[in-house]
Amino acid sequence: QVQLVESGGGLVQAGGSLRLSCAASGRIDSIGDMAWYRQIPGKERELVARITAGGSAYYADSVKGRFTISRDNMEKMVDLQMIHLKPEDTAVYYCYGDIRSWGDPVSRNYWGQGTQVTVSS
């Protein structure tokens, strides 16, 4: 089984910083793109940032210049450094991985359980 486990969420004041981490574990053969999504109640989950296995990153317009995604392929981890946080960044943040398990001919989408980020004004 493949698991993604997030850590690092919490409560922070506007203008503050948080770092989210996500570790992938299990019978992993290879990992393609990894990403962070977020969701607030009543809205669809939205892409925050995505990073390829080669390190190319994409950011949603709302977080450009404030968030930085990075990954460690050896450790099978992806991080999201968030600075200058705003109340509208409040959401549950989910880690995503496009992962192929040992013995599986195709890669599949895996999600973490989510971590709450709350930014107070």
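As a reminder, the structure under discussion sits directly above these lines.
Right, let's walk through the structure included here.

Criteria and thresholds
Residues numbered from 1 in each chain as written. Predicted model: local features only at pLDDT ≥ 70, side-chain atom pairs only at ≥ 80, totals over all residues. Heavy atoms only, no water. Helix = DSSP H or I, 4+ residues; strand = E, 2+ residues; numbered from the N terminus. Rg over C-alpha atoms; globule rule 2.2 N^0.38 Å. Core = buried A, V, L, I, M, F, W, Y, C linked by side-chain atoms within 4.5 Å. Buried < 20%, exposed > 50% of the residue type's maximum accessible area, 1.4 Å probe, protein only. Disulfide = S-S within 2.5 Å. Phe/Tyr/Trp six-rings, centres within 6.5 Å; stacked < 30°, edge-to-face > 60°. Lys NZ or Arg CZ within 6 Å of the ring centre and 35° of its normal. Pairing = 2+ DSSP bridges. Axes fitted to C-alpha atoms, helices over the stretch in contact; angles between N-to-C directions. Polar contact = N/O pair within 3.5 Å; in protein donor to acceptor, adjacent residues only side chain to side chain. Contact = heavy atoms within 4.5 Å.

### A closer look at the overall build of the chain
Working step 1: Tallying secondary structure elements over the chain gives zero helices and eleven strands in all.
Working step 2: In the chain, the order of α-helices and β-strands from amino to carboxyl end is β-β-β-β-β-β-β-β-β-β-β.
Working step 3: A globule of 121 residues ought to have a C-alpha radius of gyration of about 14 Å, and the chain, at 14 Å, matches this closely.
Working step 4: Taken over the C-alpha atoms alone, the chain extends approximately 50 × 25 × 20 Å along its principal axes.

### A short note on the nonpolar core
Working step 1: The biggest cluster of nonpolar side chains holds 30 residues, and the ones touching the most others in it are Trp36, Leu80, Met82 and Tyr93.
Working step 2: Contributing elements (two or more residues each) for this core: β1 (2-7), β3 (18-26), β4 (28-39), β5 (46-51), β7 (67-72), β8 (77-82), β9 (91-101) and β11 (115-120).

### Observations concerning the state of the cysteines
Working step 1: Throughout the structure, instances matching the rule amount to one disulfide.
Working step 2: For Cys22, the disulfide goes to Cys95, at an S-S distance of 2.1 Å. Sign of the S-S torsion, about -80° for the bond between Cys22 and Cys95, identifies this disulfide as left-handed. Taken as a pair, Cys22 in strand β3 and Cys95 in strand β9 lie far apart in primary sequence, 73 residues in all. Of the two residues examined, Cys22 and Cys95, each falls in the buried class.

### With respect to the packing of aromatic side chains
Working step 1: What the rule picks out here adds up to three aromatic pairs.
Working step 2: Aromatic pair Tyr37 and Tyr96: ring centres 6.0 Å apart, planes at 70°, arrangement edge-to-face. In this pair, Tyr37 is assigned in strand β4 and Tyr96 in strand β9, connecting sequence segments 59 residues apart.
Working step 3: Judged by relative accessible area, Tyr96 falls into the buried class, the value being 7%.
Working step 4: Grouped by ring-pair contacts, the aromatic residues Tyr37, Tyr96 and Trp111 constitute a single cluster.
Working step 5: Here the guanidinium or amino end of Arg45 rests over the ring plane of Trp111, the centre of that ring lying 4.7 Å away.

### With respect to the sheet that holds β3
Working step 1: As summarised here, the arrangement of the four strands in space is β1-β3-β8-β7, forming an open sheet in which the pairing is antiparallel. Unpaired on one side and paired on the other, β1 and β7 mark the two borders of the sheet. Across the sheet, the mean angle separating the axes of adjacent strands is 15° when strand polarity is ignored.

### Thoughts on the side chain of Thr115
Working step 1: Tracing the backbone through its elements, the reader meets Thr115 in strand β11.
Working step 2: Under the relative-accessibility criterion, Thr115 is labelled buried at 12%.
Working step 3: Looking at Thr115, its side chain comes within polar contact range of the main-chain nitrogen of Gly9, at 3.3 Å.
Working step 4: When sequence neighbours within four positions are dropped, the list of residues in contact with Thr115 reads Glu6, Gly9, Leu20, Ala91, Val92 and Tyr93.

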